[in-house]
Amino acid sequence: MNDDLLKNSLLNRFVRYAAIGSQSDMPRADSGIFPSTDCQKDIAKALAEELRSLGIEDVTLDPNFYVIARIPATPGFERAPSFGLSAHFDTAMDAPGDNVKPQIHKDWNGEPIRLEGGFALDPANDPILDSCRGHTIITSDGTTLLGADDKAGVAGIVTLAEYLIAHPEVSHGPIEMLFSPDEETGHGMDHVPLNLLTSKAFYTVDGGQEGELETECFNAWKAEIEFTGISLHTGHARGRMVNAVSMASAFVASLPAQESPEATDGYYGFYAPINIEGSIESAKATLFLRDFDRAGMDRRLETVDVLAKAIEARFPGGKVSVKRTMQYLNMKQKLDAAPEILAKLEKAAANAGIPTHLNPIRGGTDGSRLTEMGIPTPNVFTGGHNYHSRTEWASLEQMYGMLRTLIELAKCWSE
Ligand SMILES: [Zn+2]
């Protein structure tokens, strides 16, 4: 398979996946439905079918719609350590995601790309896009997201399988593939069949800009703060009513505004109020707390407690309670303890001619959960950008860089 054929295969596969609706649904996922949507079951079945049609015999579609498949080692490399590659096939619900119509801008000339509904991609305010002049750029038509997150990763892994099967002269050990639902709802690894996975290391192929590798993510907690007031007719309320709506809004207003998602980047953590609801009698505020540092996270958890106490003091007769839930942990410590996993990835990218740098993820990945469960899992770039939006785009050349890195990674693991 020459470069052009391989690139075309990657492109065709990607736009085919992008056109299949597979949004996950946070409220349904939070209520325990898994996968959270039926459309994810359809794409899981299609993926399992496609992998079999490529000639892969070891394909499992598990009862929770995880797809696990193995590419056997080439002769003589059966004893090389197995490694895994993982990508999620659901897309985000932050923008419409059904009826995606991928638009291919071949050899893009650098003119702003106009989409429906007044949306546009303008290199003047997107330096990464600006650096991709001459690339084949893939966008939606503006009515939906594109779903490069993470169908670029899915397409990359499946095209790797196709390539290795077509090229038995490329030596490699056993390779495991994991395609999973519901990453976007934060439940992606809730039911992962760990007992079916044999690799001691995995890589999620779920990043962005070419060359970006990720071994670090936030520590993440959710805090649910309940405010209990005392309801009374508003005409007879003086000195007796305690308004939970006022308590909840006073609490949210007391959060440090300079430590919000919209005011931070890089290594700065934040408090993010994501929901507030209620009435005079009771109200609830939900916060996401994020920090790369454990001590920083402890400080944030304490701050929430102190601010909650302060609201109680300001609203005599009212009650405030705080419930905390850990969502995921920074994977850095566990990945630092197994440095060869990142070293192989860096070497693979270098062999593919791609300079790399480490980037802290201001979120979590399925890899952070897998790492917690004992399988160290850094994250690899895909060439997708502007995730979760109608202006999401991908560069075919960068996606091809991902594929070449994966091919080199397969070689590195056989050494
Ligand atoms: Zn993703």
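Parameters at a glance
- Residues numbered from 1 in each chain as written.
- Predicted model: local features only at pLDDT ≥ 70, side-chain atom pairs only at ≥ 80, totals over all residues.
- Heavy atoms only, no water.
- Domains from an automatic or database assignment.
- Contact = heavy atoms within 4.5 Å.
- Buried area = accessible area lost by both parts, 1.4 Å probe.
- Salt bridge = Lys/Arg side-chain N within 4 Å of Asp/Glu carboxyl O.
- Helix = DSSP H or I, 4+ residues; strand = E, 2+ residues; numbered from the N terminus.
- Axes fitted to C-alpha atoms, helices over the stretch in contact; angles between N-to-C directions.
- Parallel < 35°, antiparallel > 145°, perpendicular 65-115°, else oblique.
- Nonpolar A, V, L, I, M, F, W, Y, C, P; charged D, E, K, R; others polar.
- Donors = N, O, S within 2.8 Å, 3.2 Å for Na, K, Ca; no water.
- Tetrahedral: all angles 85-135°; square planar, octahedral: opposite > 155°, others 65-115°.
- Buried < 20%, exposed > 50% of the residue type's maximum accessible area, 1.4 Å probe, protein only.
- 1 Å grid on protein atoms, 1.4 Å probe; cavity = no way out; pocket = protein on both sides within 12 Å on 5 of 7 lines; lining within 4 Å.
- Points joined across faces, edges and corners; volume = space filled by probe spheres on them.
- Expected span 1.5 Å × (residues − 1).
- Polar contact = N/O pair within 3.5 Å; in protein donor to acceptor, adjacent residues only side chain to side chain.
- Lys, Arg positive; Asp, Glu negative; His and termini not counted.

Time to look at the domain arrangement of the chain. Along its sequence, the chain is organised into domain 1 (3-217 + 330-412) and domain 2 (219-327). The centre of domain 1, based on its C-alpha atoms, is set 36 Å off from the matching centre of domain 2. Taken together, the eight residues of domain 1 in the interface contact 10 residues of domain 2. Carbon and sulfur atoms make up 46% of the surface buried where domain 1 meets domain 2, a total of about 750 Å² over both sides. If you sort the residues of domain 1 by the area they bury against domain 2, N330, P360 and R362 come out on top, with a joint share of 64%. At the junction of domain 1 with domain 2, the criterion picks out zero salt bridges. Where the side of domain 1 that touches domain 2 is concerned, the elements lending two or more residues are β10 (212-217), β15 (357-361) and α10 (366-372).

Between helix α1 (residues 3-18) and helix α3 (residues 38-53), whose axes approach to 12 Å, the crossing angle comes to 155°. Here α1 is positioned roughly antiparallel relative to α3, judged by the angle of their axes. Note on element contacts: α3 touches α1 through I43, L47 and E50, opposite R13, R16 and Y17. Residue classes in the contact of α1 with α3 are distributed as three nonpolar, no polar and three charged.

Turning our attention to the coordination of the zinc ion. Protein coordination at the zinc ion comes from H88 (NE2), D149 (OD), D206 (OD) and D206 (OD), with a distance range of 1.9 to 2.6 Å. One can describe the site at the zinc ion as irregular: its four donor atoms subtend angles covering 52 to 148° at the metal. Of note, the donors binding the zinc ion are all from one chain and are spaced H-x60-D-x56-D. On the criterion of sequence distance, the pair formed by D149 in helix α5 (residues 148-166) and D206 in the loop between β9 (202-205) and β10 is long-range, its members being 57 residues apart. In this pair, the class of D149 matches that of D206, namely buried.

The next subject is empty space enclosed by the protein. The final tally for this structure, using the stated rule, is one cavity of 30 Å³ or more. Estimates place the volume of the largest cavity at around 30 Å³. Lining the largest cavity, in full, are S86, A87, H88, D150, S180, E183, T204, D206 and D366. When residues of the lining of the largest cavity are assigned to their parent elements, the largest contribution, three residues, is made by strand β3 (residues 83-88). A breakdown of the residues in the lining of the largest cavity according to their chemical character gives one nonpolar, four polar and four charged.

Using the criterion set out here, one finds 21 salt bridges in the structure. The salt bridge involving E162 is made with R13; its shortest N-O contact spans 3.1 Å. On the criterion of sequence distance, the pair formed by E162 in helix α5 and R13 in helix α1 is long-range, its members being 149 residues apart. Its relative accessible area of 5% is what places R13 among the buried residues. When the shortest N-O distance is used, the salt bridge between K411 and E408 registers 3.2 Å. Of this pair, K411 and E408 both sit in helix α11 (residues 396-412), three residues apart, roughly one helical turn.

Let us look at the layout of surface pockets. In this structure, the largest pocket spans a volume of roughly 1600 Å³. Of all the secondary-structure elements, those providing two or more residues to the lining of the largest pocket are α2 (26-30), β10, β11 (219-228), β12 (270-278), β13 (282-291), β14 (319-328), β15 and α10. Looking at the lining of the largest pocket element by element, the count peaks at five residues for β12. For the lining of the largest pocket, a count of residues per class yields 14 nonpolar, 19 polar and 17 charged.

With omega at -15°, the peptide bond leading from F34 into P35 counts as cis. Looking at the secondary structure, you find P35 in the loop between α2 and α3. With an omega of 10°, the peptide bond between D149 and D150 qualifies as cis. With respect to the element layout, D150 can be found in helix α5.

What follows deals with α1. If you check α1, its first and last C-alpha atoms are 22 Å apart, about what 16 residues at 1.5 Å a residue would give, namely 22 Å. Here the buried face of α1 lies against α3, β4 (103-105), β7 (137-139), α5 and α11. For α1, the N-terminal capping position is held by N2, with its side-chain oxygen 3.2 Å away from the main-chain nitrogen of D4.

This brings us to the side chain of R290. Inspection of the secondary structure puts R290 in strand β13. Buried R290, no salt bridge; nearest opposite-charge side chain is D291, N-O distance 11 Å. Engagement of the side chain of R290 in a polar contact is seen with the backbone oxygen of W221, the distance being 3.3 Å. The contact partners of R290, leaving out residues within four places of it in the chain, are F218, N219, A220, W221, G269, F270, M297, R300, Q327 and Y328.

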